[in-house]
Amino acid sequence: MTKRSNPLDKIARDLPPGTLTWIGLRSERRGQVTPVERAKAIAAKGLEGDHRMDKTPGSARQVTLISEEFMQQIAHFTGLSTIDPVLLRRNLVVSGINLNALRHQRFQIGEAVFEATALCHPCSRMDAALGKGGVAAMIGHGGLCARILNTGYITVGDRLEVRPKGENLELF
């Protein structure tokens, strides 16, 4: 039986590059999010210094991403003028690219290569962080989960570019 192709594969090839605008690390579950300018993404583990790195190796949720554009939508739906990325508890904020079109795609930020795995749904803590209706405001705008395929450094200001699916990657 032949595997059906993902309709996003063709669309993703034509996406313009995005930009990494923010990085946040949590040293422990439910811990404080600490913004950083640079982080090391470690293949099959997570971001160095983030608590998820010590979780199950190979997890599909090694890194979480959200876009500034999604954050603007969430702010609109909650009535807030802006939202501090710390409140959303995602690891990476990007701009200039439709994250939903990256689902199940490989992409590079800085030296590291990632693969988007699933939508990142909001947790119940978002009502406390954003006010009543915070969870509802994030539905469809919560971003993506990703795994790290290639180790490398990522820095605020790096480009996010889609990588071809058939490209051979040296996984390390």
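All values derive from a computational prediction rather than experimental measurement. (Residues numbered from 1 in each chain as written. Predicted model: local features only at pLDDT ≥ 70, side-chain atom pairs only at ≥ 80, totals over all residues. Heavy atoms only, no water.)

Novice: Can you help me understand the overall build of the protein in this one?
Specialist: Scanning the protein from N- to C-terminus turns up 5 helices and 11 strands. Since a compact globule built from 172 residues should have a radius of gyration of about 16 Å, the 16 Å found for the protein is in line with a globular shape. Reported as C-alpha extents along the three principal axes, the dimensions of the protein are approximately 45 × 35 × 35 Å. Considering the protein as a whole, with its 172 residues, one finds that 47% of them fall into the buried category. A separation threshold of at least 6 residues defines the contact pool for the protein, and within that pool the share at least 24 residues apart is 74%. Just so you have it, the protein exposes about 9,100 Å², and 50% of that area is on carbon and sulfur atoms. The averaged location of the 17 negative side-chain charges in the protein is 8 Å from the averaged location of its 23 positive side-chain charges. (Helix = DSSP H or I, 4+ residues; strand = E, 2+ residues; numbered from the N terminus. Rg over C-alpha atoms; globule rule 2.2 N^0.38 Å. Buried < 20%, exposed > 50% of the residue type's maximum accessible area, 1.4 Å probe, protein only. Contact = heavy atoms within 4.5 Å. Areas by Shrake-Rupley, 256 points an atom, 1.4 Å probe, with all protein chains shown as cover. Lys, Arg positive; Asp, Glu negative; His and termini not counted. Charge placed at Lys NZ, Arg CZ, Asp CG, Glu CD.)

Novice: Hey, could you run me through the environment of G58 in this one?
Specialist: As for its placement among the helices and strands, G58 is situated in the loop between β4 (46-47) and β5 (63-67). Judged by its relative accessible area of 41%, G58 is partly exposed. Residues G58 and I148, 90 residues apart in the sequence, show an inter-C-alpha distance of 8.5 Å. In this structure G58 touches A44 and R147, once residues within four positions along its chain are discounted.

Novice: Can you help me understand the pattern of salt bridges in this one?
Specialist: Between side chains of opposite charge, a pair can form as their charged atoms come close. Scanning the model with the defined rule gives 4 salt bridges in all. One salt bridge in this structure joins R26 and D50, with 4.0 Å as the shortest N-O distance. Here the residue R26 occupies a position in strand β1 (residues 18-26), and D50 occupies one in the loop between β4 and β5, the gap between them amounting to 24 residues. The class for R26 is buried, based on a relative accessible area of 11%. The closest approach of N and O atoms between E161 and R159, which form a salt bridge, is 2.9 Å. (Salt bridge = Lys/Arg side-chain N within 4 Å of Asp/Glu carboxyl O.)

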